[in-house]
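# Report on the structure
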Amino acid sequence: MKISLPNNTAVIFRLSAMGDVALLSGVLAYWHEQYQTKFILITRREFAPLFENHPAVANIESLSKENLAYSEYNQICKKLADKYADFPLFDLHASTRSRLLARIWKTSVYRYNKMPVLRRLFLWTKGKIGRQTLLEKNVCQRYASLLCEENPPRPLLKPQIFLTSEEINTAKNTLAELFPDNSKKILAIHPFATHNAKSLPMPRWQELAEKLSADCHILFVGLGELPENMAGKSLVNKTNLRELCAVLSECSLLVTGDSGPMHLANAVNTELLALFGPTTKEWGFFPEGENVHILQKEMPCRPCSLHGKQKCMQKESCLEKISAEEIIGQIKTILH
C-alpha cells in the first residue's frame, strides 16, 4: 500500500454522477480485500444506498441538496473536517466542492489524476494527442492508483453492489407478477440518459421493443418519461436505486446507452449491451468484464464532448448509425 493510513481508514469524497459513484464501489472492495482498509464515504444522499452492506464502508456521510448549497456547505465542511480529523481525505472528485473541503482538512489530502488537460487536448485535436496515455488506465484504475503500487487488472475493479437475499427475492416476486409466463428471458431496456445525445431516440427504442417482444419479455426501467404505446412492461419511475439493482440482477440482459444503470447492471453481473455514441473509451468510463458487450460506430467527430452534453450537428448521429438490425442481432447472440 502506497499510503500509510491511521487505523487503516480513510475518508473518500465523491459526490456524482451516479455512474462515477457506482464505479467507486469496486475499487473500495478491491482495496479492502488487498489491504483490509475501511472507508468513510462522503457522497450525495441519493447515491448512498449503493454502498449499503458494502464490506469496505464503515460509515456514509450522505449530503442532501440543501447541504450542498454553498450557503450551508461551508458549515458542513467544518463539521466533517472536525469529525474525521484523524483520517486522510481521498478526493476522488476534484471538483470545486471537494477542494473547498480539502482547504480546511486537518490531515493529508490525496487526489487522483483526473487528467483534465490531456482529456481536453484529446477532444480539441480529435484524437491526435493523448489517446494512448488515456487508454492506459480507466477511471477505476486511476482511482485505485492512490493506494496501489501496481496497476490492477480492470476486471478486478468492476463495480459491486451487495444485495441481500431479501432484496433479490422481492425482485423475483415483482418480475413473476409482471411476467407469469417464465418461458421467455427478460430483456431490460433503459432508454434514458442524463444528456439526450447519449441515448437512442425514443422511436428507435420503440422499434426495438416491438421487434423483440415475440422472442423475450421486454421490461423498461429507469427514471424518465416513457410513451404509453411501448411494447412490454414498465417499472419506469417505480423502483428506488437498490430495487433497480435487484431487478437488473434477475434480468437476462440490459440494453442501454452510456448511463448510470449501465454500471449498475455490470455491478450485479447482468449481461450488458451498451450503446456508445458521443463518449468514447478514452474517457475511461467504459464498463469492463466478460458480461459486457459494446456497440459503437467510429466517426471522425467522436468524441464531440467530455460528457455528451453537446447537441449533435450531423444529419445522423453516431448512435443513430447503429441500426436496429445490428442491435437486435447482438441481443439474440447474447441471449442464445
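See the structure shown above.
Our subject in this report is the structure included herewith. (Residues numbered from 1 in each chain as written. Predicted model: local features only at pLDDT ≥ 70, side-chain atom pairs only at ≥ 80, totals over all residues. Heavy atoms only, no water.)

## Topic: the state of the cysteines
- What the rule picks out here adds up to zero disulfides.
- For C148, which is in no disulfide, the shortest distance to another cysteine sulfur is to C140 and amounts to 12 Å. (Disulfide = S-S within 2.5 Å.)

## Here's the deal with the packing of helix α9 (residues 202–212) against helix α12 (residues 324–335)
- Orientation of α9 relative to α12, taken along the N-to-C sense of each, is 45 degrees, at an axis distance of 10 Å. Between α9 and α12, the crossing angle belongs to the class labelled oblique. As for how α9 packs across α12, the hand of that crossing is right-handed. For the pair α9 and α12, contact is made by R204, E207, L208, K211 and L212 and by A324, E325, I327, I328 and I331, respectively.
- In the contact of α9 with α12, the residues fall into six nonpolar, no polar and four charged. (Axes fitted to C-alpha atoms, helices over the stretch in contact; angles between N-to-C directions. Helix = DSSP H or I, 4+ residues; strand = E, 2+ residues; numbered from the N terminus. Parallel < 35°, antiparallel > 145°, perpendicular 65-115°, else oblique. Left-handed = near helix turned anticlockwise from the far one by under 90°. Contact = heavy atoms within 4.5 Å. Nonpolar A, V, L, I, M, F, W, Y, C, P; charged D, E, K, R; others polar.)

## With respect to the packing of helix α8 (residues 165–178) against helix α10 (residues 241–249)
- Two numbers describe how α8 lies on α10: the axes approach to 8 Å, and their chain directions differ by 70 degrees. Compared by their axis directions, α8 and α10 come out roughly perpendicular. Where α8 crosses over α10, the two elements pack in a sense that is right-handed. Residues E167, I168, A171 and L175 of α8 lie in contact with α10, whose contacting residues are R242, A246, V247 and S249.
- A class-by-class count of the residues in the contact of α8 with α10 yields five nonpolar, one polar and two charged.

## Here we look at a nonpolar patch on the surface
- A cluster of nonpolar side chains, namely V117, L121, W124 and I129, defines an oily patch on the protein surface of about 420 Å² accessible area.
- Checked against the element boundaries, I129 lands in the loop between α5 (116–124) and α6 (131–136).
- Classification of I129 by relative accessible area gives partly exposed; the value is 37%. (Patch = residues over 30% accessible without salt bridge, like charges linked within 9 Å, V, L, I, M, F, W, Y side chains within 5 Å. Areas by Shrake-Rupley, 256 points an atom, 1.4 Å probe, with all protein chains shown as cover. Salt bridge = Lys/Arg side-chain N within 4 Å of Asp/Glu carboxyl O. Buried < 20%, exposed > 50% of the residue type's maximum accessible area, 1.4 Å probe, protein only.)

## Considerations on the sheet that holds strand β7 (residues 217–220)
- Sheet architecture is open: six strands sit in the order β8-β7-β6-β9-β10-β11, paired in parallel fashion. Both outer strands of the open sheet, β8 (233–234) and β11 (292–296), are each paired with one neighbouring strand and no more.
- In the packing of α12 onto the sheet, contacts are made with β6 (186–190), β9 (253–257), β10 (271–276) and β11, and the angle to β10 comes to roughly 160 degrees. (Pairing = 2+ DSSP bridges.)

## Some details on unusual backbone geometry
- Cis geometry is found at the peptide bond from S16 to A17, where omega equals -10 degrees.
- Summarising the element assignment, A17 is placed in the loop between β1 (9–13) and α1 (18–35).
- With an omega of -10 degrees, the peptide bond between R302 and P303 qualifies as cis.
- Looking at where P303 falls in the secondary structure, it is placed in the loop between β11 and α12.
- If you check the backbone angles, A94 has positive phi at about 55 degrees while not being a glycine.
- Looking at the secondary structure, you find A94 in the loop between β4 (89–91) and α4 (96–104).
- At N237, a position not held by glycine, the phi torsion is positive, near 65 degrees.
- Within the secondary structure, N237 sits in the loop between β8 and α10.
- Classification of N237 by relative accessible area gives partly exposed; the value is 47%.

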